[in-house]
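Here is how the chains run, residue by residue.
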Amino acid sequence: MGLMTAQEYRESLKDGRIVYMGGEKIEDVNRHPMLKVCIETAALDYEMTHMPEYRDLAVVTLDSGEAISRYYHQPVNGDDLLKRHELMVEATRFGGGAIPFTHDIASDTLNAINITASLMGKPEYAERAENYRRHLQKTDFSVAVAVTDVKGDRTLRPSSPKQAHPDYYVRVVDKNKDGIIVRGAKAHITAAAYFNEIIVIPSRNMNEEDADYAVAFAIPVNTKNLTQVCHPTKTGFGPYDFPVDERPVRWHTDSLIIFDDVFVPWERVFLCGQWQFAMPLVYNFAYFHRHTAASYRVPISEMMLGMAWAMAEYNGIDRVSHVREKITDLVIYLNMLKSLSRAACVDYVTHGGFATPNPVITNMAKYHFASNYHDCVKIVQDMAGGLLSTAPTFKDFQNPEISEHIKKYLGGKAGITAEMRLRMLQLIRRILDPEIEVLAVHGEGSFEAQRMTIFAEAYPELDTYKKYVEREAGIKR
Ligand SMILES: Cc1cc2nc3c(=O)[nH]c(=O)nc-3n(C[C@H](O)[C@H](O)[C@H](O)COP(=O)(O)OP(=O)(O)OC[C@H]3O[C@@H](n4cnc5c(N)ncnc54)[C@H](O)[C@@H]3O)c2cc1C
């Protein structure tokens, strides 16, 4: 099949999938006004692949001459990781702040599945993982990744009899010679309604009692008994927005996915009862995935800095000392994120033959982005002024009875028109949408998930440093 075009991607979604939104069953996701915006956001990835200026970054040519997506290529060194990082940065810039997501999260998971299969010592699992990689290389499919279980009582294990029911974590309910039957639900799954396949992995470590919950697999989105419920999202620019022809609104939605006794053939099962391997699978996924998160946040941070600086200039305050201090905070924030996400590639570790972003640095990058994000939003809002929430609309701007007043009174410093200010404020409202604030906190795992990983990964070093200071202090043990 080879590298898909954007049109082939759109066509591939006409497959009888079951998707609900706003209480209605959607017959054709391509024709739904909200999902269409999401599909066009995802399609950017397929467009980029075929653009000469991105080809070297987006495509890898195998020794056989076959061209595949860089995402589905096995990274073996820091250079591979850096190119992957740059691809995600460029894709997000290309999407005006929205990453297409078609291959990147899938590749995070695919790499983790391959690494875990190599640890399991079971040739059939290693072969299945490799075959699935080849399948994605050949089809170039878009793949969503379902990790987050609905969980019920968060303090209880999946198999705990104290949970209100046994299906709060996805589990195997039956097996036969052809495959397994799974039941449960995964929440917040980005883009699953308009991608080709879904990879499912556990959301946590497991113990022996949880063996039925130690399950990982991949299935097409139109698999029988799989139902998705999406939350409403943007339909594009509204009638009150200033139109931006070259930069249409790009957005995604996420699904609650219900697995109501779904059959998975053995060739697509990557973990089934081997509870000891749930943890390596989850951790290796998180190393890649949080690096992906840090990468696509670089352009968003660039935009925050750009928007704050533009508004400061428009309002004539760009030489004021408190403004320069706040802009300096944004410069530090952006460059810290850039440096950490690149350093994680350079200082990579190798797991199962895969170059893996440095776990401590990766988690620091994601934590840095997430924990300081709201402070940066505050700075942009501060620079923008109250008009950020009270601005008149494009329709007011167009009305000849009032437009001259708007143009006269809402201009900025000399040379800055009201339209420039109103357009920039509109961009700020779009990029700093409250949904993105929640994504910053919880997407790719809540704060504690990063802090726990940083501590666990740094743990072996702690004694080294303790011994170092004991020696310096003359303490003998
Ligand atoms: C926009 C968006 C997109 C997303 N996309 C995806 C996706 O594509 N695929 C996917 O799999 N997931 C996705 N997620 C899910 C994301 O990874 C989770 O939201 C995140 O892991 C937190 O899980 P939760 O939402 O269930 O919150 P909770 O786990 O309920 O977290 C709420 C709070 O409870 C704390 N907590 C939870 N458990 C415990 C415990 N045992 N002990 C102590 N404290 C605890 C947390 O630290 C946090 O402070 C997405 C989330 C968002 C917001």
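## Overview of the overall build of the chain
Next up, step 1: Counting its regular elements, the chain contains 15 helices and 14 strands.
Next up, step 2: Taking 23 Å as the expected radius of gyration for a compact globule of 477 residues, we find that the chain reaches 24 Å, a close match to that expectation.
Next up, step 3: Referenced to the eigenvectors of the C-alpha coordinate spread, the extents of the chain come out at roughly 75 × 75 × 55 Å.
Next up, step 4: Relative to all contacts within the chain whose residues are 6 or more apart in sequence, the contacts with residues 24 or more apart total 77%.
Next up, step 5: As presented, the chain carries roughly 21400 Å² of accessible surface, and 54% of it is formed by carbon and sulfur atoms.
Next up, step 6: Charged side chains in the chain number 54 positive and 62 negative. The centres of these two groups are separated by 3 Å.

## Observations regarding the sheet that holds strand 7 (residues 179-190)
Next up, step 1: A sheet is described by the order of its strands in space; here six strands give the open sequence 2-1-10-11-7-6, paired in mixed fashion. Because the sheet does not close on itself, it has two edges, and the strands there are strand 2 (24-25) and strand 6 (171-175).
Next up, step 2: In this structure, strand 1 (residues 18-21) lies alongside strand 2, joined through two bridges in antiparallel fashion. Within strand 2, the position partnered with M21 by the bridge is E24.

## A few points about the site of the ligand
Next up, step 1: Close contacts around the ligand come from 15 residues, with V147, T148, K151, R154 and H188 the closest.
Next up, step 2: One of the backbone nitrogen or oxygen atoms of V145 is found 2.9 Å away from a nitrogen atom of the ligand.
Next up, step 3: Within the side chain of R154, one N or O atom sits 2.7 Å away from an oxygen atom of the ligand.
Next up, step 4: Relative to its unbound accessible surface of 970 Å², the ligand loses 64% to contact with the protein.
Next up, step 5: Where the shell around the ligand is concerned, the elements lending two or more residues are strand 5 (143-146), strand 7 and helix 14 (434-442).
Next up, step 6: Residue contributions to the shell around the ligand peak at three residues, all from strand 7.

## Observations regarding the packing of helix 9 (residues 359-384) against helix 14
Next up, step 1: The geometry of helix 9 relative to helix 14 is characterised by a closest axis approach of 8 Å and an angle of 150 degrees between their N-to-C directions. Between helix 9 and helix 14, the angle is such that the two are roughly antiparallel. Relative to helix 14, helix 9 is oriented so that their crossing is left-handed. Between helix 9 and helix 14, the residues in contact are K366, F369, A370, Y373, H374 and V377 and I436, E437, A440 and V441, respectively.

## Some remarks on the environment of F141
Next up, step 1: Looking at the secondary structure, you find F141 in the loop between helix 6 (123-139) and strand 5.
Next up, step 2: Each C-alpha atom, one on F141 and one on S12, is 9.1 Å from the other, the two residues being 129 residues apart in sequence.
Next up, step 3: Not counting the four nearest positions on each side in its chain, F141 is found in contact with M1, M4, Y46, Y72, T102, H103, H135, L136, N196 and E197.

## Digging into the pattern of salt bridges
Next up, step 1: The full count for this structure, using the stated rule, is 24 salt bridges.
Next up, step 2: Where E40 meets R10, a salt bridge forms, and the shortest distance between an N and an O atom there is 2.8 Å. Of the two residues, E40 is situated in helix 2 (residues 33-49) and R10 in helix 1 (residues 6-12); the sequence distance between them amounts to 30 residues.
Next up, step 3: Among the ionic pairs, R84 bridges to D108, the shortest N-O distance being 2.5 Å. With R84 in helix 4 (residues 78-94) and D108 in helix 5 (residues 104-120), this residue pair connects regions lying 24 residues apart in the sequence. Both residues of the pair, R84 and D108, belong to the buried class.
Next up, step 4: Linked through salt bridges whose partners overlap, the residues forming this network are E90, R93, E302 and K338.

## A closer look at the nonpolar core
Next up, step 1: Judged by nonpolar contacts, the single largest core of 138 residues is most densely connected at Y9, V182, Y194 and F259.
Next up, step 2: The greatest single-element share of this core, amounting to 16 residues, is contributed by helix 7 (residues 278-314).
Next up, step 3: With residues near it in sequence (within four places) discarded, Y194 still touches Y9, L13, R17, L35, C38, I39, A42, S142, H252 and T253.
Next up, step 4: Core analysis: the next-biggest nonpolar cluster, separate from the first, contains seven residues, L81, L82, I115 and F288 among them.

## Things to note about the side chain of H289
Next up, step 1: Following the sequence through the fold, H289 ends up in helix 7.
Next up, step 2: A polar contact is formed between the side chain of H289 and the side chain of D108, at a distance of 3.0 Å.
Next up, step 3: Leave out the neighbours within four places in its chain, and H289 touches I105, D108 and E444.

## Overview of unusual backbone geometry
Next up, step 1: One non-glycine residue with positive phi stands out, namely K151, at about 75 degrees.
Next up, step 2: Among the structural elements, K151 can be located in the loop between strand 5 and strand 6.
Next up, step 3: Backbone geometry places D261, a non-glycine residue, at a positive phi of 65 degrees.
Next up, step 4: When you line up the elements, D261 lands in strand 11 (residues 254-265).

## Re the pairing of strand 7
Next up, step 1: Buried residues dominate strand 7, accounting for nine of its twelve residues.
Next up, step 2: Pairing of strand 6 with strand 7, which is carried by four bridges, proceeds in the antiparallel orientation. Looking at the pairing, K175 lines up with I180 of strand 7.
Next up, step 3: Linking strand 6 to strand 7, which pair antiparallel, is a turn of three residues.
Next up, step 4: Of the pairings in the sheet, the one linking strand 7 to strand 11 comprises ten bridges and is antiparallel in character.

## Examining the packing of aromatic side chains
Next up, step 1: Enumeration according to the criterion identifies 13 aromatic pairs in this entry.
Next up, step 2: Consider the rings of F217 and F259, whose centres lie 6.0 Å apart with planes at 90 degrees: the pair is edge-to-face. Pair noted here: F217 is in strand 9 (residues 215-220) and F259 is in strand 11, with a separation of 42 residues, a long-range link.
Next up, step 3: Accessibility expressed as a relative area gives 1% for F259, which makes it buried.
Next up, step 4: Each ring, one from F242 and one from F397, has its centre 5.2 Å from the other, and the planes form 55 degrees; the classification is tilted. In this pair, F242 is assigned in the loop between strand 10 (226-230) and strand 11 and F397 in helix 11 (residues 394-398), connecting sequence segments 155 residues apart.
Next up, step 5: Residue class for F397 comes out buried when judged on its relative accessible area of 9%.
Next up, step 6: Three or more aromatic residues joined by ring pairs make a cluster, and in this case those are F242, F394 and F397.
Next up, step 7: Directly above the aromatic system of Y125 lies the positively charged group of R128, at a separation of 4.4 Å from the ring centroid.

Criteria and thresholds
Residues numbered from 1 in each chain as written. Predicted model: local features only at pLDDT ≥ 70, side-chain atom pairs only at ≥ 80, totals over all residues. Heavy atoms only, no water. Helix = DSSP H or I, 4+ residues; strand = E, 2+ residues; numbered from the N terminus. Rg over C-alpha atoms; globule rule 2.2 N^0.38 Å. Contact = heavy atoms within 4.5 Å. Areas by Shrake-Rupley, 256 points an atom, 1.4 Å probe, with all protein chains shown as cover. Lys, Arg positive; Asp, Glu negative; His and termini not counted. Charge placed at Lys NZ, Arg CZ, Asp CG, Glu CD. Pairing = 2+ DSSP bridges. Near = heavy atom within 4 Å. Polar contact = N/O pair within 3.5 Å; in protein donor to acceptor, adjacent residues only side chain to side chain. Axes fitted to C-alpha atoms, helices over the stretch in contact; angles between N-to-C directions. Parallel < 35°, antiparallel > 145°, perpendicular 65-115°, else oblique. Left-handed = near helix turned anticlockwise from the far one by under 90°. Salt bridge = Lys/Arg side-chain N within 4 Å of Asp/Glu carboxyl O. Buried < 20%, exposed > 50% of the residue type's maximum accessible area, 1.4 Å probe, protein only. Core = buried A, V, L, I, M, F, W, Y, C linked by side-chain atoms within 4.5 Å. Phe/Tyr/Trp six-rings, centres within 6.5 Å; stacked < 30°, edge-to-face > 60°. Lys NZ or Arg CZ within 6 Å of the ring centre and 35° of its normal.

These results come straight from atomic positions and should not be treated as a statement about function.
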